[in-house]
Amino acid sequence: MIIKQFYLGCLAHASYLVIDESTRSAAVIDPQRDIDQYLEEAERHGAAIDRVLLTHFHADFVAGHLELRARTGARIHLGAKATAEYAFDPLSDGDVVAFGDVRLEVLETPGHTPEGVSLVAKDASQGDAPVAVFTGDTLFVGDVGRPELLASAGVTSEELAGWLYDSLHGKLMGLPDETTVYPAHGAGSLCGKNLGSETFTTIGAQRRSNYALQPMSKEEFIALVSTGQSVTPQYFPNSVAMNRAEHELLDDSLAGSLVPLSRERALELQADGAKLLDVRAPREYAKGHARGSLNVGLKGKFATWAGTVLSPKDRIVVIADPGAEREAAMRLGRIGLDRVEGYLDGGVASLGDDLVVLDEIEVGALAEELERKDDLVVLDVRAPGEREAGHIEGSLHIPLGELPKRIRDVPTEKRVAVVCKSGYRSTVSSSLLALHGHARLVNVVGGMDAWAVAALPVRVPAGASGENCT
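This one's a predicted model, so the numbers in the text were calculated from it and none came from an experiment.

## Details of the nonpolar core
With 69 residues, the main nonpolar core has Ile-49, Leu-277, Val-296, Phe-302, Val-318 and Leu-332 as its most contacted residues. Per element, the largest residue contribution to this core is five residues, and it comes from helix 10 (residues 302–309). Those residues in contact with Ile-49 that lie beyond four places of it in its chain are Leu-17, Ala-26, Val-28, Tyr-38, Leu-39, Ala-42, Leu-68, Thr-72 and Ala-74. Counting residues in hydrophobic clusters, the runner-up holds 20 residues, among them Leu-107, Leu-168, Val-181 and Ile-203.

Structure representation (structure tokens):
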């Protein structure tokens, strides 16, 4: 048995190709929507993909099960409690998906979602001991799946958390300590709150170190995993819906998206309600950009933040460095933002002098202005955990994930200096604020990283690790 992990850093997403060496038959587990890498790897081994399995309906990306079905004829497998518009083979406790010497034994593990399953991999040529378990979003490295994402689907978050406890302690923790754990996500995913940096682990390592697997009652577990979760982007429900549905394939969507648009046509679409999405680096965006455009740079966690500031209903015009248009459209397609009308032909240069700039400020100058008590407020858009490690005294805290719903909480009567860790999220935030009419904005160059290098004072909340320091 060959197991190949594919890790997509932008979405902290892990997917898997499992090949039986004797029959050269293969299965893909939790694929991303662009599937060429699985086909190429299978071909390299002389294998054919004839099965695709989803551990659950993912919220943070659109899976590639329909693409694999279309390209290879693969059968789709889902948990038995799933409902979908397409035909699938249901997977119940004790079922086995077998090909050659590979045995994928099914454990129904609801909690993150009602239909979630885990797949215990065995190699018949090596005996009956589990080799690995594919846990989806039930068990991660250092964390477990968040239970409240589908709490609106006829079940409460408390019920889901209770199911999650039973799935972990009644099923997964019954596997041998040496069993390799292959989760669907790693650090940075919004499907948990404390994911570790490694992309795989073992049952034994998690039994010893995972905070959610330590001895506790079910009631204590429910309280623990139901709090402290980050705000989810607005595209999550749409991704779940797409993963249940027969929908347009990615290649077909991209064919309609990669249309060059003149300056006049792009601005016409903007006037008609389409969003201009500038995917250049933040500092380039600051130097000059289309009025009313949003900036989410391709070099960062592009999909997550694009899905935060854009709605799946939004029509989108991409503004990119020439040659980067396809990457932008494809990465939007990974999360189901398929309504790309085209891209600005020639990039921002085609706008000529019709550009606006985003004012910027260095951290030293910001500190001086704050000392003078100028008409200035600092908006910190980092996550709560980042802020607890140290923040600028008196700053307003609205994490970027919450900003689309809290625009009115940002004062309009003062200048607003927007800060994050490095300058990426603050530029996203500044562009969103400008789109909503905030005119007195300034972006903090280098963010809190630069603030720390300059040894400027920070405030650490009482009870947090560390102390007030300079």
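Continuing now.
## So, the confidence of the model for the protein
Looking at the protein as a whole, its pLDDT mean stands at 93, while 95% of the residues score no less than 70. Low pLDDT, under 50, characterises residues 465–470; the predicted model gives this stretch eleven contacts beyond four residues in sequence or across chains.

## Structural notes on the pattern of salt bridges
The final tally for this structure, using the stated rule, is 32 salt bridges. In this structure, Lys-171 engages Asp-93 in a salt bridge whose closest nitrogen and oxygen atoms are separated by 2.7 Å. Taken together, the residues Lys-171 in the loop between helix 3 (157–170) and strand 11 (180–183) and Asp-93 in the loop between strand 6 (89–91) and strand 7 (96–99) connect sequence positions 78 residues apart. Residue Lys-171 is classed as partly exposed on the basis of its relative accessible area, which comes to 27%. Close ionic contact of Arg-280 with Asp-278 constitutes a salt bridge, the shortest N to O distance being 2.8 Å. Residue classification places Arg-280 among the buried residues on the basis of a relative accessible area of 6%.

About the criteria used
Residues numbered from 1 in each chain as written. Predicted model: local features only at pLDDT ≥ 70, side-chain atom pairs only at ≥ 80, totals over all residues. Heavy atoms only, no water. Core = buried A, V, L, I, M, F, W, Y, C linked by side-chain atoms within 4.5 Å. Buried < 20%, exposed > 50% of the residue type's maximum accessible area, 1.4 Å probe, protein only. Helix = DSSP H or I, 4+ residues; strand = E, 2+ residues; numbered from the N terminus. Contact = heavy atoms within 4.5 Å. pLDDT = per-residue confidence, 0-100. Salt bridge = Lys/Arg side-chain N within 4 Å of Asp/Glu carboxyl O.

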